[in-house]
Amino acid sequence: RKDVRLGKLRYESKFMAIKFFAETKHWSINWMCKQLEISRSAYYKWLHREVPGQELENINLAELIKEYDERFKHILGYRRMTSWINHFNHTNYSKKRVHRIMKKLGIHSVIRKKKKKYASSAPETVAENRLGRDFYAITPNEKWVTDVTEFKVPGENKKLYLSAILDLYDRYPVAYIISTRNNNKLVFRTFDKALAANPKAKPLFHSDRGFQYTSKVFQRKLTEHEIEQSMSRVGHCIDNGPIEGFWGIIKSEMYQMYEITDEESLRNAIHNYIRFYSEERSQDRYHCKTPLEVRREAFSADHPAEYKIPQNKRIEKYKEKWCA
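What you are looking at is a predicted structure, and each value in this text was computed from that prediction instead of being measured.

Rules and cut-offs
Within each chain, residues carry numbers counting from 1 in the order of the written sequence. Confidence filtering applies because this is a predicted model: local features only for residues at pLDDT of at least 70, side-chain atom pairs given and counted only at 80 or more, and all residues used for totals across whole chains, interfaces and linings. Hydrogens and waters are ignored; side-chain quantities use all the structure's heavy atoms. A run of DSSP states H or I qualifies as a helix once it reaches four residues; a run of E qualifies as a strand once it reaches two. Both are numbered from the N-terminal end. Buried means the residue's accessible area, taken with a 1.4 Å probe over protein chains only, is under 20% of the maximum for its type, while exposed means over 50%, and partly exposed covers the values in between. By the convention used here, residues are in contact when the closest approach between their heavy atoms is within 4.5 Å. We call a set of buried Ala, Val, Leu, Ile, Met, Phe, Trp, Tyr and Cys residues a nonpolar core when their side-chain atoms join them within 4.5 Å. Pairing between two strands requires that DSSP report at least two bridges joining them. Think of each axis as a best-fit line through the C-alpha atoms, taken over the contacting stretch in the case of a helix, with angles from 0 to 180 degrees between the N-to-C directions.

**Focus: the side chain of Arg80**
Here is step 1: Its place among the elements puts Arg80 in helix 5 (residues 78-89).
Here is step 2: Arg80 sits in the buried class, given a relative accessible area of 17%.
Here is step 3: Excluding residues that lie within four positions of it along the chain, Arg80 makes contacts with Ile75, Glu253, Arg281 and Ser282.

**Examining unusual backbone geometry**
Here is step 1: Look at Lys73: it is not a glycine, yet its phi comes out positive at around 55°.
Here is step 2: When you line up the elements, Lys73 lands in the loop between helix 4 (53-71) and helix 5.
Here is step 3: Although it is not a glycine, His74 adopts a positive phi angle of roughly 65°.
Here is step 4: Turning to its location among the elements, His74 is positioned in the loop between helix 4 and helix 5.

**What to know about the nonpolar core**
Here is step 1: Ile65, Leu162, Ile250 and Met254 are the most contacted members of the largest nonpolar core, which has 52 residues in total.
Here is step 2: Setting aside residues up to four positions removed in sequence, Met254 forms contacts with Phe151, Ile249, Ile260, Leu266, Ala269, Ile270 and Tyr273.
Here is step 3: If you look at the next biggest cluster of nonpolar residues, it comprises 21 residues, including Leu195, Ala201, Phe205 and Ile227.

**Things to note about the sheet that holds strand 5 (residues 229-231)**
Here is step 1: In spatial order, the strands read 3-2-1-4-5; together these five strands make up an open sheet with mixed pairing. With one partner strand each, in any of the chains shown, strand 3 (172-179) and strand 5 form the two edges of the open sheet. Strand-to-strand twist in this sheet, taken as the mean axis angle between neighbours without regard to direction, amounts to 20°.
Here is step 2: With three bridges connecting them, strand 4 (residues 204-207) and strand 5 associate as parallel partners. For Ser207, the partnering residue across the bridge sits in strand 5 and is Met231.
Here is step 3: Contacts between helix 9 (residues 216-224) and the sheet are confined to strand 4 and strand 5, with strand 5 contributing the most and set at about 135° to the helix.
Here is step 4: In the packing of helix 10 (residues 241-257) onto the sheet, the strands contacted are strand 1 (143-152), strand 2 (159-167) and strand 3, and the crossing angle to strand 1 comes to about 40°.

**Topic: the environment of Ile260**
Here is step 1: You can see Ile260 is positioned in the loop between helix 10 and helix 11 (263-279).
Here is step 2: Residue classification places Ile260 among the buried positions, given a relative accessible area of 15%.
Here is step 3: Measuring from C-alpha to C-alpha, the distance between Ile260 and Val153 comes to 8.6 Å, with 107 residues separating the pair along the chain.
Here is step 4: Leaving out residues up to four positions away in the same chain, Ile260 has contacts with Pro154, Met254, Tyr255, Ser265, Leu266 and Ala269.

**Concerning the environment of Tyr68**
Here is step 1: With respect to the helices and strands, the residue Tyr68 is situated in helix 4.
Here is step 2: Look at Tyr68 and you get buried, because its relative accessible area is 4%.
Here is step 3: Linking Tyr68 and Trp84, residues 16 residues apart in sequence, is a C-alpha distance of 8.7 Å.
Here is step 4: Tyr68 has contacts with Leu76, Met81, Trp84, Ile85, Phe88 and Asn89, leaving out every residue within four places of it along the chain.

**Describing the pairing of strand 1**
Here is step 1: When you tally the buried positions in strand 1, you get eight out of 10 residues, the bulk of the element.
Here is step 2: Bridge count for strand 1 against strand 4 is three bridges, and the pairing is parallel. Bridge pairing links Val145 to His206 in strand 4.
Here is step 3: Inspection of the sheet shows strand 1 paired to strand 2 by nine bridges, in the antiparallel sense. Bridging across to strand 2, Val148 finds its partner in Ser163.

Dropping the structure here:
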């Protein structure tokens, strides 16, 4: 059992250990006090003490943190842990307080592996970067970003490919397709599925310079639907930052939440996680609403709510250095 020092008593960790083993293992209190070199009277004084209100609150908060960490399979960092606990329990805990208790509990979110990979291509036709890293949208279906990522099937020399289209207004996945082949058909099916769900949409459509997006067939599909195309520059993955971030979220959280052993379980995990992301994963930017909630509210309102993108100091420093 981890010792969480939530009070200020000098021997609290020893007292807590005695209480734990006395209740769960029925060890002798007298023997444990002798081994730990403390008096029985001091232990019983601590046991029957009046616990300060702040300490009780910290204990309750620690229990909430452990509950949320288990429920969401260790995907919550202290910022999102704070937001979700406050939102669902109508509390107002500070991030510093939650962070401090999480450190004492040894609880932290999954650490993502950073990987940069740039693939060269011989495009048929490319488009300008009309999106220009302006990832803010004021209405649904104003700006869509898309990409394809891969997943290795455990125990097999095989991969699955996920193609998705993300709406920049609510970060809602408007369409996705899973396939064993990364080809034109995969991207075309994803695009057709997105338009079938949003038949009146005419968004700015942004992608990298993958062969599927630069093909003349795909560009004809965009022209037929009067959709303007935008493409990232070569070697500038941040030009398509939101979809790259979406892949990072999936790959860092999905493997924690689901047991994946073969192709079928991997497919199920992808489907279940995207549903979880869309319908259950609250986001701070949207005032702890899910992407689906934000989207439904926008479609039912005369004037969709605006959700400004919080300033990210690290990104601003990156832009100052590399994006002159």
